[in-house]
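Commentary on secondary and tertiary structure
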Amino acid sequence: MPFVFVYGPAMLIVTPEFTWFAFLTTTFGCIAGIVLLSMAFGGFGLALLRPWERIVLGLAALPTIAPGLPSTLAGLAVASPILIRQVIAWRGAKPATAA
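Just so it is clear, the structure is predicted and the values come from calculations on it, not from any experiment.

1. Side note on the overall build of the protein
For the protein, the helix and strand inventory stands at four helices and zero strands. For the protein, the α and β elements follow one another from N to C terminus as α-α-α-α. With 99 residues in all, the protein has 32% of them scored as buried. Taking the contacts inside the protein whose residues are at least 6 apart along the sequence as the reference set, 56% of them involve residues at least 24 apart. Approximately 6400 Å² of the protein is accessible, and the part contributed by carbon and sulfur atoms is 77%.

Spelled out as structure tokens, the structure:
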């Protein structure tokens, strides 16, 4: 996401405000937000997503991509019930058998 560099210049590593905490928080938050947004647009994570889950994940991705620990944690908190359901559905899936 190109706009993240504007809101979180710590990802550029060349600014005077650079700290490793800001860099890691912004980078990992952006990665998590992009994964959530990809799941929302694709309709699939570890298992098929319901339409309302896609909407919630899309909305949860927006604050997660924004730089800053509070917004990242808020987005992950909104997405966590759906992510937990995805893991449960993935573990409960039957492997395909060859005919």
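Next comes the rest of the description.
2. A look at the packing of helix H2 (residues 20-42) against helix H4 (residues 69-92)
Direction vectors running N to C along H2 and H4 enclose 40 degrees, while the axes themselves pass 11 Å from each other. Here H2 lies oblique to H4, going by the angle between them. You can see that H2 and H4 cross each other, and the crossing is left-handed. Together, Phe21, Thr25, Gly29, Ala32, Leu36 and Met39 of H2 and Leu69, Thr72, Leu76, Ala79, Leu83 and Gln86 of H4 make up the contact between the two elements. In terms of residue class, the contact of H2 with H4 is built from eight nonpolar, four polar and no charged.

3. Here we look at H4
Its 24 residues give H4 an end-to-end C-alpha distance of 33 Å, which sits within 8% of 34 Å, the value for a rise of 1.5 Å per residue. Of all the bends in H4, the greatest, near 45 degrees, is centred on Ser80, and the proline Pro81 appears no more than four residues after it. As for H4, its buried residues are in contact with H2 and helix H3 (51-65).

4. Quick look at the nonpolar core
One finds Cys30, Leu36, Leu37, Met39, Ala40, Leu49, Leu57, Ala60, Ala61, Ile65, Ala79 and Ile82 forming the largest nonpolar core, which totals 12 residues. Elements represented by at least two residues in this core include exactly H2, H3 and H4. Broken down by element, the residue count for this core peaks at five residues, all from H2. Those residues in contact with Ile82, other than ones at most four positions away along the chain, are Leu49, Trp52, Glu53, Val56 and Leu57.

The rules behind these values
Residues numbered from 1 in each chain as written. Predicted model: local features only at pLDDT ≥ 70, side-chain atom pairs only at ≥ 80, totals over all residues. Heavy atoms only, no water. Helix = DSSP H or I, 4+ residues; strand = E, 2+ residues; numbered from the N terminus. Buried < 20%, exposed > 50% of the residue type's maximum accessible area, 1.4 Å probe, protein only. Contact = heavy atoms within 4.5 Å. Areas by Shrake-Rupley, 256 points an atom, 1.4 Å probe, with all protein chains shown as cover. Axes fitted to C-alpha atoms, helices over the stretch in contact; angles between N-to-C directions. Parallel < 35°, antiparallel > 145°, perpendicular 65-115°, else oblique. Left-handed = near helix turned anticlockwise from the far one by under 90°. Nonpolar A, V, L, I, M, F, W, Y, C, P; charged D, E, K, R; others polar. Expected span 1.5 Å × (residues − 1). Bend = angle between axes of the 7 residues up to and from the residue. Core = buried A, V, L, I, M, F, W, Y, C linked by side-chain atoms within 4.5 Å.

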